[in-house]
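# Examination of the molecular architecture
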Amino acid sequence: NFMQKSIKQLTTYSKVIFWDFDGVIKDSVEAKSLAFENIFSSYGSNISNKVRLHHERNGGISRYEKIPLYLSWVDEKITDEKIQRFCNKFSLIVRQSVTESPWVPGVLSFIKNNYKKQKNILVTATPKGEIDEILKILKIEYLFDRVYGAPATKKNIISAELERLSIVPSDAIMFGDSHSDYDAAKYNNILFILRATELNKMLQKKCKERTIRDFNDE
């Protein structure tokens, strides 16, 4: 029964592991919450709290979807230029705070121990240029075979990669912490392992597969 197996046993025979980043590799969901709150703080605490709550309940969704929505709450005339301005502001704050966020316990040694045995593919809602920069700063880009960021969607990336690598779904695993990760794994029939946090309690109820607190969770 895979519920009883350790993560090490579960991943030993998988040929590819798909990784989300925020909340799975870095404990950076909080950093992004604060950044969203910060860029909408001039609209008052009602709005900035609402923004924070929405972001926390909808992890794994790109800022390019979130920011226009949040602007619509403040009756702003939404233009591409305005969305870009808010995205740039967000990017500036977030790059540093994500880099400085704590690692999810045990994740680094876990990836370092397996990156030569199987392919690690990073799929995140963070824009591609930004995640590349963060990985460089953290000196971990070599651990991933491929890195995907927004605007590519997780379910499409996974299905394209399974095809490209000629891998059957039973040989793949996804580590995630949000509904979008769970949905992408389900859509592609791959095993989903949820990193359980305070912010994804609803998903923990829904996720009948394996959950872990961290990567020391043997």
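Check the entry above for the structure.
Structure report, in brief. (Residues numbered from 1 in each chain as written. Predicted model: local features only at pLDDT ≥ 70, side-chain atom pairs only at ≥ 80, totals over all residues. Heavy atoms only, no water.)

## Digging into the overall build of the protein chain
The following threshold applies: Numbering goes from the N terminus for both helices and strands, where a helix is a DSSP run of H or I of at least four residues and a strand is a run of E of at least two. Radius of gyration: C-alpha atoms only; globule rule: 2.2 Å multiplied by the number of residues to the exponent 0.38. For the exposure calls, accessible area comes from a 1.4 Å probe over protein chains only, and a residue counts as buried if that area is under 20% of its type's maximum, exposed if over 50%, partly exposed in between. What makes two residues a contact is simply this: any of their non-hydrogen atoms within 4.5 Å.
Secondary structure assignment for the protein chain yields ten helices and six strands. Over its C-alpha trace the protein chain gives a radius of gyration of 17 Å, about what one expects of a compact globule, namely 17 Å for 218 residues. By principal-axis analysis of the C-alpha atoms, the protein chain measures approximately 50 × 35 × 30 Å. Split into buried and exposed, the 218 residues of the protein chain put 51% on the buried side. Across the protein chain, every contact between residues at least 6 apart in sequence was considered, and the portion connecting residues at least 24 apart equals 67%.

## Some remarks on the pattern of salt bridges
Keep this limit in mind: The working definition used for a salt bridge is a side-chain nitrogen of Lys or Arg within 4 Å of a carboxyl oxygen of Asp or Glu.
The tally for this structure, following the rule as stated, stands at 16 salt bridges. A salt bridge links E133 to R95, with the shortest nitrogen-to-oxygen separation between them at 2.6 Å. A residue pair is termed long-range when its members are at least 10 positions apart, and E133 in helix 7 (residues 128-138) and R95 in helix 5 (residues 80-100) qualify at 38 residues.

## Details of the packing of helix 2 (residues 29-39) against helix 3 (residues 45-57)
Packed helices, taken two at a time, are described by the angle between their axes plus the distance between the axes. Quick note on the threshold: Simply put, an axis is a line fit to the C-alpha atoms, just over the touching stretch for a helix, and the angle between two N-to-C directions goes from 0 to 180 degrees. Roughly parallel means an angle under 35 degrees; roughly antiparallel, over 145; roughly perpendicular, 65 to 115; everything else is oblique. Each crossing is labelled by how the near helix is turned from the far one, with a counterclockwise turn of less than a right angle marking it left-handed and a clockwise turn marking it right-handed. Ten residues, namely Ala, Val, Leu, Ile, Met, Phe, Trp, Tyr, Cys and Pro, are considered nonpolar, four, namely Asp, Glu, Lys and Arg, are considered charged, and the remaining ones, Gly among them, are considered polar.
For the pair helix 2 and helix 3, interaxial distance at closest approach is 8 Å and the crossing angle is 150°. Our classification of the angle between helix 2 and helix 3 gives roughly antiparallel. Handedness of the crossing formed by helix 2 with helix 3: right-handed. Between helix 2, through V29, E30, K32, S33, L34, F36 and E37, and helix 3, the contact on the second element is made entirely by S48, N49, V51, R52, H55 and E56. Of the residues assigned to the contact of helix 2 with helix 3, the class counts are four nonpolar, four polar and five charged.

## Points about the nonpolar core
Stated precisely, the cut-off is as follows: Side-chain atoms within 4.5 Å link the members of a nonpolar core, which is a set of buried Ala, Val, Leu, Ile, Met, Phe, Trp, Tyr and Cys residues.
Counting 42 residues, the largest nonpolar core has W19, F144, F175 and F215 as the members making the most contacts within it. Per element, the largest residue contribution to this core is six residues, and it comes from helix 5. Core analysis: the next-biggest nonpolar cluster, separate from the first, contains 19 residues, V123, L162, M174 and L203 among them.

## Re the pairing of strand 2 (residues 119-127)
Quick note on the threshold: Here the rule is simple: two strands pair whenever DSSP picks up at least two bridges between them.
With respect to burial, strand 2 is a largely interior element, eight of its nine residues being buried. Taken together, the four bridges between strand 1 (residues 16-19) and strand 2 define a ladder with parallel strand orientation. Note that in strand 2 the partner of V16 across the bridge is K119. By the bridge criterion, four bridges tie strand 2 to strand 3 (residues 146-150) in an arrangement that is parallel. Paired with L122 across the two strands is V147, which belongs to strand 3.

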